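Here is how the chains run, residue by residue.
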Amino acid sequence: GAGVSQTPSNKVTEKGKYVELRCDPISGHTALYWYRQSLGQGPEFLIYFQGTGAADDSGLPNDRFFAVRPEGSVSTLKIQRTERGDSAMYLCASSLNQETEAFFGQGTRLTVV
Amino acid sequence: AQSVTQLDSQVPVFEEAPVELRCNYSSSVSVYLFWYVQYPNQGLQLLLKYLSGSTLVKGINGFEAEFNKSQTSFHLRKPSVHISDTAEYFCAVTLGAGSYQLTFGKGTKLSVIP
C-alpha cells in the first residue's frame, strides 16, 4: 500500500480481555516501530523490529505486552489481560531501514472499559 | 539517555500572527531532531527534520526550525499562522545519529484564534 496501515482504527475491549493490534508497513520497509501515546502525552517507544526480529523491546511496559513480525512485514502487537491503564493510541511506523526516515500510520485507539 | 522538553503545553495565537514553539533536548551523543504535527484522531505527520548541515531547516506548511547546539534547542517557527495550523506539535530526538528510534516531547497544542 501507499502508507502504513493500522487496523482496527478503534478498539473497545473489556478489562481482562486479550487484544491484537495490526500494522501493515510500507512495502519493502525492513524497520518497524510501535509507540504508545496516552492522552495528553507524546508517543512513547515500545518496540523496534529489524526484519523478523525484535532489535529493541526495552519500551514494553510489562510481560502482558508482546509483539511479533513473523515474516518481516506485518506486525501484531498483543496485549493480554488488558487494564484500563492500557487505554491509549497505539502508533506504528516503518522505515526502509534503521537509518532512514520513519513514516507513521493513523494509529489504533484502544479503550479498555 | 535522550530527553525532550517542550516548554509550553498550550499556545494560543491570533490568525496571521507569528508563532514560536519551543523545544529543548538533552543527549550525550549527536542526534537527529524532528518536529511532527498531529491533527485530532490522526497519526503523526513529519513537518521538518535536522540531520546535519545548515542549522536552519525549512519544512512543510511554511514552518521552519533552527538547531542551536550550544543551547540544545530546536524551536519551531512560522511567520503567519492560519486556522488550519491548529493542531498538536511534537518535538522528537533520535536515539543517536544513524538511528530513527524516537524520543518525543509531551507536545504543544497550538490554537489559532480567528
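Notes on the structure follow. (Residues numbered from 1 in each chain as written. Chains lettered and ligands numbered in written order. Predicted model: local features only at pLDDT ≥ 70, side-chain atom pairs only at ≥ 80, totals over all residues. Heavy atoms only, no water.)

## Re the pattern of salt bridges
Let me state the cut-off plainly: Any Lys or Arg side-chain nitrogen found within 4 Å of a carboxyl oxygen on Asp or Glu counts as a salt bridge. Helix numbers and strand numbers start at the N terminus; a helix is a DSSP run of H or I with at least 4 residues, a strand a run of E with at least 2. The rule is simple: take the accessible area with a 1.4 Å probe, protein chains only, and divide by the maximum for that residue type; under 20% is buried, over 50% is exposed, in between is partly exposed.
Enumeration according to the criterion identifies 10 salt bridges over all chains in this entry. With a closest N to O distance of 3.0 Å, B:Lys49 and A:Glu101 form a salt bridge. In this pair, B:Lys49 sits in strand S6 (residues 45–50) while A:Glu101 sits in the loop between strand S9 (88–95) and strand S10 (103–104), so the two residues belong to two different chains. We classify B:Lys49 as partly exposed; its relative accessible area is 31%. Taking the shortest distance from any N to any O, the salt bridge between B:Glu20 and B:Arg77 comes out at 2.8 Å.

## Let's talk about the packing of aromatic side chains
We count it as follows: Pairing of aromatic rings covers Phe, Tyr and the six-membered ring of Trp, with a centre-to-centre limit of 6.5 Å; geometry is then stacked below 30 degrees between planes, edge-to-face above 60, and tilted otherwise.
Tallied over the entire structure, the rule returns 13 aromatic pairs over all chains. Here A:Tyr35 and A:Phe104 contribute two aromatic rings whose centre-to-centre distance is 5.6 Å and whose plane-to-plane angle is 45°, an arrangement assigned as tilted. Note that A:Tyr35 is positioned in strand S4 (residues 31–37) and A:Phe104 in strand S10, a separation of 69 residues in sequence. Each of the two residues, A:Tyr35 as well as A:Phe104, counts as buried. With a centroid separation of 5.8 Å and an interplanar angle of 50°, the aromatic rings of B:Tyr36 and B:Phe104 are classed as tilted. In this pair, B:Tyr36 sits in strand S5 (residues 33–38) while B:Phe104 sits in strand S11 (residues 102–104), placing the two residues 68 residues apart along the sequence. With respect to burial, B:Tyr36 and B:Phe104 carry one shared label: buried. In textbook terms, an aromatic cluster arises when at least three aromatic residues are bridged by ring pairs, as seen for A:Tyr33, A:Tyr35, A:Phe45, A:Tyr48, A:Phe104, B:Phe34, B:Tyr36, B:Phe90 and B:Phe104.

## Focus on unusual backbone geometry
A cis amide bond links A:Thr7 to the next residue, A:Pro8, at an omega of -10°. Positive phi, close to 75°, is recorded for B:Glu16, a residue that is not glycine. Along the chain, B:Glu16 falls in the loop between strand S2 (10–14) and strand S3 (19–21). Residues other than glycine seldom take positive phi values, yet B:Thr72 does so here, at roughly 45°. Within the secondary structure, B:Thr72 is located in the loop between strand S8 (64–68) and strand S9 (73–78). Residue classification places B:Thr72 among the partly exposed positions, given a relative accessible area of 29%.

## Let's talk about the interface of chain A and chain B
For clarity, the cut-off: Residues count as neighbours in contact if any of their non-hydrogen atoms are within 4.5 Å of one another. Defined here as a combined quantity, buried area equals the accessible surface (1.4 Å probe) lost by two parts on assembly, summed across both. Throughout this description, a polar contact denotes any pair of N or O atoms lying within 3.5 Å of each other; where both atoms belong to protein, one of them has to be capable of donating a hydrogen while the other can accept it, and for residues adjacent in sequence the pair is counted only when both atoms sit in side chains. Polar here means any residue outside two lists: the nonpolar Ala, Val, Leu, Ile, Met, Phe, Trp, Tyr, Cys and Pro, and the charged Asp, Glu, Lys and Arg; Gly therefore counts as polar.
Contacts between the two partners involve 21 residues from chain A and, on the opposite side, 17 residues from chain B. When the two sides are added together, the surface that chain A and chain B hide from each other amounts to roughly 1,600 Å², 49% of it contributed by carbon and sulfur. Considering only the side of chain A, the residues that lose the most area to chain B are A:Pro43, A:Glu101 and A:Phe104, jointly responsible for 30% of the buried surface there. On the surface where chain A and chain B come into contact, there are 1 salt bridge. On inspection of chain A and its partner chain B, the count reaches 3 residue pairs in polar contact (both at pLDDT 80 or more). Those elements that place two or more of their residues in the side of chain A that touches chain B are S4, strand S5 (44–50) and S9 of chain A. A total of 3 residues in the side of chain A that touches chain B trace back to one element, the largest contributor, which is S4(A). Its residues assigned to classes, the side of chain A that touches chain B comprises 9 nonpolar, 8 polar and 4 charged.

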